[in-house]
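Single-letter residue listing:
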Amino acid sequence: MNKKKIINDPVYGFISIPTELVFDLIEHPYFQRLRYIKQLGMTHLVYPGALHTRFHHALGAMHLMDMAIETLRYKGHHISTDEEEALTIAILLHDVGHGPFSHALECTIIEGIAHEDISAMLMNKLNEQFEGRLTMAINIFNDTYPRRFLHQLVSSQLDMDRLDYLNRDSFFTGVSEGVISSDRIIKMLNVKDDHIVVEEKGIYSIEKFLIARRLMYWQVYLHKTVIAAEELLGKVFKRCRELSLKGEDLFATPALKHFIKSNISRDAFMNEDHHLEIFASLDDADIMSAVKVWAGHDDFVLSTLSKNLVQRNLYHVDITSKQPEKEFVNSLIQKAVKKYGISEHEASYFVFTTSIRNNAYTAGDGNIGILMKDGNVHDITTASDNSNLEALAKTVKKYILCYSKEFL
């Protein structure tokens, strides 16, 4: 069987599958599951085109990794054939641990465990199945491989993951502010003292990259209506688990039922293999099939929330720089209690507060180094003459108040 295939990608054109091992990993059920997990969670309820998947994104990031390896080799940095394949595998599988609707339900299905942890666990499982051939990829992914710059290509503030998702998410949402010069950025990459750096002539492309990332967060990832949709999905899941733990036998696929009928701890998930195997069969379809059935459930809270999600009747969202006034929040809760004839606890599903944080760049945390013509390396915030970049390095915190539009 010929395993050297090409895939037609709408963002980059043709993407090559470089080796038989990479082909076999793409064919594996763990990776094929990503076809059924949306890259941007509930964002399609705001930007209808945002229906692309984690499968798309992983292949795109793999393509950019191939370009980065070619660039670094051209500049005289030795990357062996084994390291090339390991880098390809590490970036291909970096998101394999994502659950349904990507970040929308992260740390909800299993509390206290992030998708990176699950990705690492699945990679270890694959390594067993492929007789240790993923060991170097796992070491690069975990940043335990001696050549540290290889890990930075997989996970850093200027990695192939970010370079792909900004362009891809811009393409499918139609938000042009996120378009970046990924080709030029990659061509400007170099290595200095075992760290990925950007040559000085690429400084303006990096400025554009950071500004684009900030704009994409406010316009797409943290758009108030996207927040409303993802919070609603989270509340549906919270309510279904609350009822299930009380003994209610809710409709769910076998995989979903496993995670709503009990609170599985982080330790249990990490140490008991069957939880991981069941998680690896969960995707968006499990969630939405259940939500559509729950819309007709006897429980007022679960049915109302589920109906609202299916019909896109989302929360009203106030985003402010200061915490909402407690008196105002309490008045909304009392309106919910009175209007629906429910308890204050049940009203908390219809009125609640949360917060969001956004920082486009974190100085000192695997910082983006600019290689100056004199051979010195400076952080992008000091190397650039754009004073706005220092502001991008500051974390912006916003407070969120969600409540039903009926209470306005």
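Let us look at the structure shown here. Worth saying up front: this structure is predicted, and the values here are computed from it rather than measured. (Residues numbered from 1 in each chain as written. Predicted model: local features only at pLDDT ≥ 70, side-chain atom pairs only at ≥ 80, totals over all residues. Heavy atoms only, no water.)

1. Points about the pattern of salt bridges
Using the criterion set out here, one finds 18 salt bridges in the structure. Where Asp24 meets Lys3, a salt bridge forms, and the shortest distance between an N and an O atom there is 2.8 Å. Residue Asp24 is located in helix α1 (residues 20–27), and its partner Lys3 is located in the segment before β1 (6–9); the two are separated by 21 residues in the primary sequence. The partly exposed category is assigned to Asp24, whose relative accessible area is 23%. Arg239 is the salt-bridge partner of Glu346, the closest N and O atoms lying 3.5 Å from each other. Taken together, the positions of Glu346 in helix α18 (residues 344–347) and Arg239 in helix α11 (residues 224–245) put the pair 107 residues apart, joining distant regions of the chain. (Salt bridge = Lys/Arg side-chain N within 4 Å of Asp/Glu carboxyl O. Helix = DSSP H or I, 4+ residues; strand = E, 2+ residues; numbered from the N terminus. Buried < 20%, exposed > 50% of the residue type's maximum accessible area, 1.4 Å probe, protein only.)

2. Focus on the packing of aromatic side chains
If you walk through the whole model with that rule in mind, you get 12 aromatic pairs. The interplanar angle of 85° and the centroid separation of 6.0 Å between the aromatic rings of Tyr165 and Tyr221 together place this pair among those described as edge-to-face. With Tyr165 in helix α8 (residues 160–173) and Tyr221 in helix α10 (residues 203–221), this pair connects stretches of sequence that are 56 residues apart. Across the pair, exposure class does not vary: Tyr165 and Tyr221 are buried alike. Residues Phe328 and Tyr403 carry aromatic rings whose centres are separated by 6.2 Å and whose planes lie at 90° to one another, so their mutual orientation is edge-to-face. Placement of Phe328 in helix α17 (residues 326–340) and of Tyr403 in strand β9 (residues 396–403) is noted, with a sequence separation of 75 residues between them. (Phe/Tyr/Trp six-rings, centres within 6.5 Å; stacked < 30°, edge-to-face > 60°.)

3. Concerning the environment of Asn367
Within the secondary structure, Asn367 is located in the loop between β6 (351–358) and β7 (369–371). For the pair formed by Asn367 and His195, sequence separation is 172 residues and the distance between their alpha carbons is 9.9 Å. Each residue touching Asn367, except ones within four places of it in the same chain, is listed here: Gln157, Tyr361 and Asp379. (Contact = heavy atoms within 4.5 Å.)

4. Observations concerning α8
Between its first and last C-alpha, α8 extends 20 Å over 14 residues, near the 20 Å set by a 1.5 Å rise per residue. The buried count for α8 comes to 13 of 14 residues, which makes it a mostly enclosed element. Capping the start of α8 is the job of one residue whose side-chain oxygen sits 3.2 Å from the backbone nitrogen of Asp161: Asp159. One or two positions beyond α8, positive phi appears at Gly174, with a value near 85°. (Expected span 1.5 Å × (residues − 1). Polar contact = N/O pair within 3.5 Å; in protein donor to acceptor, adjacent residues only side chain to side chain.)

5. Some points on the packing of α1 against helix α4 (residues 81–92)
Between α1 and α4, the least distance of the axes is 10 Å, while the angle of their chain directions is 15°. Classified by the angle between their axes, α1 and α4 sit roughly parallel to one another. The handedness of the crossing between α1 and α4 is right-handed. Taken together, the residues of α4 that come into contact with α1 (itself represented by Leu21, Val22, Leu25 and Ile26) are Glu85, Thr88, Ile89 and Leu92. (Axes fitted to C-alpha atoms, helices over the stretch in contact; angles between N-to-C directions. Parallel < 35°, antiparallel > 145°, perpendicular 65-115°, else oblique. Left-handed = near helix turned anticlockwise from the far one by under 90°.)

6. Some words on unusual backbone geometry
One non-glycine residue, Glu131, lies in positive phi territory at about 55°. With respect to the helices, strands and loops of the structure, Glu131 is situated in the loop between α5 (115–129) and α6 (135–141). Exposure remark for Glu131: the relative accessible area of 73% places this residue in the exposed category.

7. Things to note about the pairing of strand β2 (residues 13–16)
As defined by bridge partners, β1 adjoins β2 across four bridges and the pair is classed as antiparallel. Note on β2: the bridge partner recorded for Ile7 is Ile15. Hairpin connection, β1 to β2: the antiparallel pair is bridged by three residues. (Pairing = 2+ DSSP bridges.)

8. Quick word on the state of the cysteines
Here the structure, examined in full by the defined rule, presents zero disulfides. Free of any disulfide, Cys107 has its nearest cysteine sulfur in Cys240, 17 Å distant. Its relative accessible area of 38% is what places Cys107 among the partly exposed residues. Look at Cys240 and you get buried, because its relative accessible area is 0%. (Disulfide = S-S within 2.5 Å.)

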